[in-house]
Amino acid sequence: MRGPCPNDHPCYVGEHGKFVKVHLPVGGRCNIHCRFCESGLEHEGVRVDYPGRAVRTITGDEARTALKRVKEHCGRVDVVGIAGPGDPLANWEDVKETFDVVAETVPEAKRCLSTNGVWLPDLIDEVTELVHSVTITVNALDPEIAADIYDRALTPEGEVLTGKEAARWIVERQEGAMDALKKERYILKKVNFVLVPGVNEDEVERVAERAADAGFHAMNVIPLIPGGDMKDHRPPTCRELSRARDRAEKYITVMRRCMQCRADVIHCRGRPRLIWELLEED
Ligand code: SF4
Ligand code: SF4
C-alpha cells in the first residue's frame, strides 16, 4: 500500500475540479445517534442534499458497473469513498465487500472511509488493510458537551447506551480510534468536526490538538446543517465558522473547501452527479 500523500486527495487540497471522486452508498445502519442527523435514505423521492444521504444503497454489481462508467466518462477514477448512509463500520461486511469490488475494478483509485469511529478500535487492522484514508467525525471531547450532541450508542457487543452514558462511551471510543490510527503511518487521516453554535465551539481547539497529537493530517470544520432533533437550531454564521477554523489551525492543517457530499454523488472534475444517473444509461 502506498504511503499517505495529502496532495493526491481532492478533499485535502481543496481542488475538487482536478479530481474524479465517487461516493458509493453502502450500509444504512448507524451505531450512534447524533441529534442533528438527516443522513439515511431518501423518503418517497424527496431530495435533500445532506452529508451521508442517498437515494438507496448500491449492490456490488451496480458498484462495478458505475465505476467502469465513471472511468469511461471521466477518463479515470482518483478516489472512491464510502461515507454512509449510516456508519460504514456498523455495516462492515457490506462495506468490505464493496471495497473489494473497488480494488478489483479501479485498483488505482484511493479508497476512503468516513466513520464516527466508535467501532474502529475493534476493526482497525481490517480497515487499514483495505483503505488509504480514514476520516473520523469527532464533535466534542468533553462528555458533558457530547451529551448535547449524541443521545444514543450501540456497542459492538450489542448493548444500547443512552444519555450521558452514551456520550461518555462515544468520546472514549473516538479517542481510542484516534490512538489506534496514530500507529498507522501509511494511512491518510482526517478529523471532521461539525460546528454547532452555542454547543461545541469551545471544543474545536481541543479536538484539533488531540488529532494533531495522534498524527492526523488535517481537520475539516464543517457547519451544522440544521436537521433531525436540531432542525430549529441555527447554523453558524460565516464569521463563526472562520473563527473556529482559525482556532483549529493553531494545531493542524484545516480544510476550507468541503462540499458536505451526499453518499451517492460523483464529482467528475468538479461537476456533481448522482450515481444513479450513470446506472440508468444504456
Ligand atoms: Fe447520522 Fe452520521 Fe451521526 Fe450516524 S454518525 S447518526 S449517520 S450523522
Ligand atoms: Fe471531501 Fe467534504 Fe465531500 Fe467528504 S464531504 S468527500 S471531505 S468534500
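Values in this document were obtained by computation on a predicted structure and should not be read as measured data. (Residues numbered from 1 in each chain as written. Chains lettered and ligands numbered in written order. Predicted model: local features only at pLDDT ≥ 70, side-chain atom pairs only at ≥ 80, totals over all residues.)

## As for the overall build of the protein chain
Along its length, the protein chain carries 9 helices and 14 strands. The buried share among the 282 residues of the protein chain stands at 47%. (Helix = DSSP H or I, 4+ residues; strand = E, 2+ residues; numbered from the N terminus. Buried ≥ 20, exposed ≤ 12 C-beta atoms within 10 Å, placed from the backbone.)

## What to know about the packing of helix α4 (residues 120–130) against helix α6 (residues 163–182)
Close contact between α4 and α6 brings their axes to 9 Å; oriented N to C, the two are set at 25°. Our classification of the angle between α4 and α6 gives roughly parallel. For the element pair α4 and α6, the recorded crossing hand is right-handed. Taken together, the residues of α6 that come into contact with α4 (itself represented by Leu 120, Pro 121 and Ile 124) are Arg 173, Gly 176, Ala 177 and Ala 180. Considered class by class, the residues forming the contact of α4 with α6 number 5 nonpolar, 1 polar and 1 charged. (Axes fitted to C-alpha atoms, helices over the stretch in contact; angles between N-to-C directions. Parallel < 35°, antiparallel > 145°, perpendicular 65-115°, else oblique. Left-handed = near helix turned anticlockwise from the far one by under 90°. Contact = placed C-beta atoms within 7 Å. Nonpolar A, V, L, I, M, F, W, Y, C, P; charged D, E, K, R; others polar.)

## With respect to the site of ligand 2
In the vicinity of ligand 2, the contacting residues are Cys 11, Pro 51, Gly 81, Asn 220, Cys 258, Met 259, Gln 260 and Cys 261. Taken together, the residues that form the shell around ligand 2 break down as 5 nonpolar, 3 polar and no charged. (Near = placed C-beta within 6 Å.)

## Details of the packing of helix α7 (residues 204–213) against helix α8 (residues 238–248)
Their axes nearest at 8 Å, the elements α7 and α8 cross at an angle of 35°. Handedness of the α7/α8 crossing: right-handed. Across from Val 204, Glu 205 and Ala 208 in α7, the residues of α8 making contact are Ala 244, Arg 247 and Ala 248. Within the contact of α7 with α8, the residues separate by chemical class into 4 nonpolar, no polar and 2 charged.

## Remarks on the sheet that holds strand β8 (residues 150–154)
Across the sheet, 3 strands lie side by side as β2-β8-β9; this open sheet has antiparallel pairing. The two strands at the open ends of the sheet, each matched to only one other strand, are β2 (32–34) and β9 (160–162). Across the sheet, the mean angle separating the axes of adjacent strands is 15° when strand polarity is ignored. Two elements, β8 and β9, share 3 bridges in a ladder whose sense is antiparallel. (Pairing = 2+ DSSP bridges.)

These results come straight from atomic positions and should not be treated as a statement about function.
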